[in-house]
Structures are given as structure tokens and as C-alpha cells.
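Listed below are the residues making up each chain.
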Amino acid sequence: MNTETKRHTGRLTAVVLAMFGFGFALGPLYSAICEAAGINGKMRLAVADVKNTAVDSSRWVNVEFVTTVNGGRPMQFRAAQSRVRVHPGEMATVEFTAQNNEAHDIVAQAVPNVAPWNAARHLRKTECFCFNQQAFKAGETKSMPMRFLIDPELPAEVETITLAYTFFDVTELAQQGKLQPRS
């Protein structure tokens, strides 16, 4: 190998290592930015604020629920109600049902997303199946509650919030010890 080829190979190796490092850091960086800005479905839970929130009975907000299962897995997942109408500051509970139609046990994780983006910081969950991984026995059905309220400081132009959940099969990660499922 001549000197120019070695130099070019060294540069390409450095670029590949830099790209790998950037990709590795991107996940935590994305999460930190979303949490700080309250965007893209990343929500902060403030239970103390929930206890002292006044209900704004002069206003209604529609909250829609969309459920999907990633990768076409044979799992059923749905909300008992596709939409609820709440006053900001009012506590609401919606039941979700998930069923493992596999012939073996699985571990699943629900990942939320909120639209519009400026509503995410105003959605306060006090209880949610999305906080933990869910272990399902073969054929098992679970009813899972989600309790929330909408902060009265939600911008007035936001009349509808869509809360979408996608269930991911994380069984392999749980088996490798990278996740701690909860029943």
C-alpha cells in the first residue's frame, strides 16, 4: 500500500468512527433535548402540580387515542374509548387493553407520542402502562389504565390533543437483561 492509500484509509476509518460515535450519542442527546423542551411526546410528570391544579370548566379539550403495534406482531392493542372530552385540570382515566396472541410469552413496551407538539408539556400522566415494560404470558389479555390531566395553561388554540401509543416487542432485550419487565 502506498502512502496516499494509507492516508485515505486512515481518513475513512476516522470518519466511520466519528459517525459511530455520533450515532451512539444521538439517542441520549435527543431524549435530553426533547425532555427539556417538552416536545415530540416526551413528557415530564409533576404529581405535585397535579394535586393543586384548578379545573377550568369554561373550556373543553378533546383527547384522541391512537394505538398501533410495531412490526405487524400478532398482538391486539386498543383504547376502550377512542376519544374523551375533558376540562383542563380535570383528572381523567382511560382503559387500554392489550392481548398477546403469540404462542409464547413476550415483553412489550408502549412508546407515546403527543400531537400537536406544543401540547406535550401540558399533558400530565399520573399513571400509565407506558412507564414500564409489560410482561405478557402466551394468550394473556391485560387491562391497563392511564390517568392524566391537561394543564390549564395549554394554549387556547389547542382544542384537540392526539395521544398515540405504539407497542414494541422488546422480548429479546429483556432476555438479554437490558430491560426489567414488570407484570
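Residues numbered from 1 in each chain as written. Predicted model: local features only at pLDDT ≥ 70, side-chain atom pairs only at ≥ 80, totals over all residues. Heavy atoms only, no water.

(A) A look at the sheet that holds strand E5 (residues 106–115). The strand order across the open sheet built from five strands is E3-E1-E9-E5-E7, with neighbouring strands paired in mixed fashion. Of all strands in the sheet, those bounded by a partner on one side alone are strand E3 (83–86) and strand E7 (134–136). Direction aside, the axes of adjacent strands within the sheet are offset by 25° on average. (Pairing = 2+ DSSP bridges. Helix = DSSP H or I, 4+ residues; strand = E, 2+ residues; numbered from the N terminus. Axes fitted to C-alpha atoms, helices over the stretch in contact; angles between N-to-C directions.)

(B) Expanded view of the pattern of salt bridges. Counted according to the given criterion, the structure contains three salt bridges. Close ionic contact of Glu64 with Arg83 constitutes a salt bridge, the shortest N to O distance being 2.1 Å. With Glu64 in strand E1 (residues 61–69) and Arg83 in strand E3, this pair connects stretches of sequence that are 19 residues apart. Two residues, Asp151 and Arg124, come together in a salt bridge whose shortest N-O distance is 2.9 Å. Note that Asp151 is positioned in the loop between strand E8 (141–150) and strand E9 (160–169) and Arg124 in strand E6 (residues 123–127), a separation of 27 residues in sequence. A relative accessible area of 14% places Arg124 in the buried class. (Salt bridge = Lys/Arg side-chain N within 4 Å of Asp/Glu carboxyl O. Buried < 20%, exposed > 50% of the residue type's maximum accessible area, 1.4 Å probe, protein only.)

(C) Looking closely at the environment of Met91. With respect to the helices and strands, the residue Met91 is situated in the loop between E3 and strand E4 (92–100). A C-alpha to C-alpha distance of 8.0 Å links Met91 and Ile150, two positions 59 residues apart in sequence.

(D) Highlighting the side chain of Thr171. The topology assignment puts Thr171 in helix H3 (residues 171–175). By relative accessible area, which is 13% here, Thr171 ends up buried. There is a polar contact of 2.9 Å between the side chain of Thr171 and the backbone nitrogen of Val107. In this structure Thr171 touches Asp105, Ile106 and Val107, once residues within four positions along its chain are discounted. (Polar contact = N/O pair within 3.5 Å; in protein donor to acceptor, adjacent residues only side chain to side chain. Contact = heavy atoms within 4.5 Å.)

(E) Just the packing of aromatic side chains, in detail. For the structure shown, the criterion picks out 10 aromatic pairs. An angle of 70° between the planes, with centres 6.2 Å apart, marks the rings of Phe65 and Phe148 as edge-to-face. Taken together, the positions of Phe65 in strand E1 and Phe148 in strand E8 put the pair 83 residues apart, joining distant regions of the chain. Its relative accessible area of 0% is what places Phe148 among the buried residues. Between the aromatic rings of Phe129 and Phe167, the centroid separation amounts to 6.3 Å while the plane-to-plane angle is 35°, which identifies the pairing as tilted. A residue pair is termed long-range when its members are at least 10 positions apart, and Phe129 in the loop between E6 and E7 and Phe167 in strand E9 qualify at 38 residues. We note that Phe129, like Phe167, is buried. Following the ring pairs from residue to residue traces out a cluster consisting of Phe65, Phe77, Phe96, Phe129, Phe136, Phe148, Tyr165 and Phe167. Over the aromatic face of Phe136 sits the side chain of Lys142, whose NZ or CZ is 5.0 Å from the ring centroid. (Phe/Tyr/Trp six-rings, centres within 6.5 Å; stacked < 30°, edge-to-face > 60°. Lys NZ or Arg CZ within 6 Å of the ring centre and 35° of its normal.)

(F) Representation of the environment of Ser58 within the structure. With respect to the helices and strands, the residue Ser58 is situated in the loop between helix H2 (47–51) and E1. Once the C-alpha coordinates of Ser58 and His87 are considered, the two residues, 29 residues apart in sequence, prove to be 7.7 Å apart. Within polar-contact distance, the side chain of Ser58 engages the side chain of Asp56 at 2.5 Å.

(G) Geometry of the sheet that holds strand E2 (residues 75–79). Strand order in the open sheet formed by four strands is E2-E4-E8-E6, and the pairing between neighbours is antiparallel. Two strands in the sheet have a free side with no partner beyond their single neighbour: E2 and E6. Neighbour-to-neighbour, the strand axes of this sheet turn through a mean angle of 25°, independent of strand direction. Relative to E8, E6 runs antiparallel, the two sharing four bridges. Within the sheet, the bridge partner assigned to Arg124 lies in E8 and is Leu149.

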